[in-house]
Amino acid sequence: MSNLRVQALHVHPVKSVAGTAPDEVAVEPWGLSGDRRWALVDTEGAVMTQRRHARLALAAARPLDGGRIAVSAPGMAELVVEVPEPGPLEPVTLFGKKVETVVAASAAADWFSAYLGVEARLVHLDDPAVRRPVDPDYALPGETVSLADGYPVLLSTLASLDALNSLIARGDHPEEGPLPMNRFRPNVVVSGAEAWAEDGWRRIAIGDAVFRGARECGRCIVTTTDQETAERGKEPLKTLALHRRIGKSLTFGRLLVPVRLGTVRVGDEVRILD
């Protein structure tokens, strides 16, 4: 029996906003159930993230029945947002590509605009089965993804975080460490692995589900954002640049695509199939 176990699961209903840590969650073709089905867009229709709006880290969203969500933030009353009725599709821009979505009720736009201090609208990905393909350079035919950065599931390991924090402690900015796992916003956190072992995981099973490892996860400025204060630092990017550069990417974690659906649970054994 493998020593590898699921240590935590994370679902982020709204892109770039804090989410929840369920004990179990269903795996859908485009990611964990309810993960990143909503996003904020600006007046130009571009998706808003912590890359430019660090205060999104302090807002939170939790899933409710029927796909609804409840959003909260410092100084704001909690707001329940209903799934929009089928209606005209709104094309939004995510990493330079168009994705068709449905706009949520104006109350959500008013709420987020008041919180961020800039005009924002909330949109919903109504049909992830057809709206957005996985990067064709790394996808198999028909694979789709939610409003996550590019792939359905992000996996990280406790051992790799420990190894990274050890490198940070010996680097130029030791005062910034140790960093918590929430800097990396993973979906699945695994214990019992050796540091960086996930780099080579090509096919894994968790609970009833099976995933293929698509590629390593390139990291951006969001990882330098303290998820409790929204303040930015220099780590982990400075250390990743020295020790975890693959091509043009500074990497941490493994991007997965489901190949067999099921349910994953905290405590599940993680089996390396290839």
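Throughout what follows, the structure given in this document is the object of discussion. Keep in mind the model is a prediction, meaning the values are calculated, not measured.

### Remarks on the overall build of the protein chain
Moving on, step 1. Counting its regular elements, the protein chain contains three helices and 19 strands.
Moving on, step 2. For 274 residues, the compact-globule estimate of 2.2 N^0.38 gives 19 Å, and the protein chain sits close to it at 18 Å.
Moving on, step 3. Seen through its principal axes, the protein chain has C-alpha atoms that stretch 50 × 40 × 35 Å.
Moving on, step 4. Going through the 274 residues of the protein chain one by one, you find that 50% of them count as buried.

### Brief notes about the pairing of strand β8 (residues 76–81)
Moving on, step 1. Where strand β7 (residues 69–73) meets β8, four bridges bridge the pair, whose relative direction is antiparallel. When the bridges of β8 are listed, Ile69 appears paired with Val81.
Moving on, step 2. Taking the residues that link successive antiparallel strands as the turn, the β7-β8 hairpin has two residues, and the phi of Gly75 there is positive, at about 80 degrees.

### A few points about the pattern of salt bridges
Moving on, step 1. Taken as a whole and assessed by the stated rule, the structure comprises 14 salt bridges.
Moving on, step 2. Close ionic contact of Asp126 with Arg131 constitutes a salt bridge, the shortest N to O distance being 2.9 Å.
Moving on, step 3. Overall, Asp126 belongs to the partly exposed group, its relative accessible area being 32%.
Moving on, step 4. Since its relative accessible area comes to 21%, Arg131 is described here as partly exposed.
Moving on, step 5. With its nearest N and O atoms 3.6 Å apart, the salt bridge here joins Glu216 to Arg215.
Moving on, step 6. Here Arg215 falls in the buried class, since its relative accessible area comes to 17%.
Moving on, step 7. Connected through salt bridges with shared partners, the residues Lys15, Arg51 and Asp149 form a single ionic network.

### Some words on the nonpolar core
Moving on, step 1. By size, the foremost hydrophobic cluster in this structure holds 21 residues, and its most contacted members are Leu40, Val71, Val81 and Leu122.
Moving on, step 2. For this core, the secondary structure elements donating two or more residues are β4 (38–41), β7, β8 and α1 (106–116).
Moving on, step 3. When residues in this core are grouped by element, the largest group, five residues, is from α1.
Moving on, step 4. For Leu122, the contacting residues outside a window of four places in its chain are Val14, Trp38, Ala39, Leu40, Ile69, Val81, Val102, Val103, Ala104, Ala108 and Phe112.

### Regarding the sheet that holds strand β2 (residues 24–28)
Moving on, step 1. Read from one edge to the other, the open sheet built from three strands follows the order β3-β2-β18, with strand pairing classed as antiparallel. This sheet does not close on itself; its edge strands, each paired only once, are β3 (31–32) and β18 (262–265).
Moving on, step 2. Sheet analysis places β2 next to β3, joined by two bridges and oriented antiparallel. The partner of Val27 across the bridge, within β3, is Leu32.

### Overview of the sheet that holds strand β9 (residues 90–94)
Moving on, step 1. One open sheet accounts for five strands, arranged β5-β4-β11-β10-β9; its pairing is antiparallel. With one partner strand each, in any of the chains shown, β5 (47–48) and β9 form the two edges of the open sheet.
Moving on, step 2. Set on the sheet, α1 makes contact with β4, β5 and β11 (121–124); between it and β11 the angle comes to about 130 degrees.

### A closer look at the packing of aromatic side chains
Moving on, step 1. As enumerated under the stated definition, the model contains five aromatic pairs in all.
Moving on, step 2. A network of ring pairs unites the aromatic residues Trp111, Phe112 and Tyr115 as a single cluster.
Moving on, step 3. The ring of Tyr115 carries Arg55 above its face, with NZ or CZ at 4.1 Å from the centroid.

### Let's talk about the environment of Pro84
Moving on, step 1. Of note, Pro84 is situated in the loop between β8 and β9.
Moving on, step 2. Taking relative accessible area as the criterion, Pro84 reaches 17% and is therefore assigned buried.
Moving on, step 3. The sequence separation of Pro84 and Val123 amounts to 39 residues, and the corresponding C-alpha distance is 8.6 Å.
Moving on, step 4. Ignoring any residue separated from it by four or fewer positions in sequence, one finds Pro84 in contact with Trp38, Val102, Val103, Ala104 and His124.

Each value, and the rule that gives it
- Residues numbered from 1 in each chain as written.
- Predicted model: local features only at pLDDT ≥ 70, side-chain atom pairs only at ≥ 80, totals over all residues.
- Heavy atoms only, no water.
- Helix = DSSP H or I, 4+ residues; strand = E, 2+ residues; numbered from the N terminus.
- Rg over C-alpha atoms; globule rule 2.2 N^0.38 Å.
- Buried < 20%, exposed > 50% of the residue type's maximum accessible area, 1.4 Å probe, protein only.
- Pairing = 2+ DSSP bridges.
- Salt bridge = Lys/Arg side-chain N within 4 Å of Asp/Glu carboxyl O.
- Core = buried A, V, L, I, M, F, W, Y, C linked by side-chain atoms within 4.5 Å.
- Contact = heavy atoms within 4.5 Å.
- Axes fitted to C-alpha atoms, helices over the stretch in contact; angles between N-to-C directions.
- Phe/Tyr/Trp six-rings, centres within 6.5 Å; stacked < 30°, edge-to-face > 60°.
- Lys NZ or Arg CZ within 6 Å of the ring centre and 35° of its normal.

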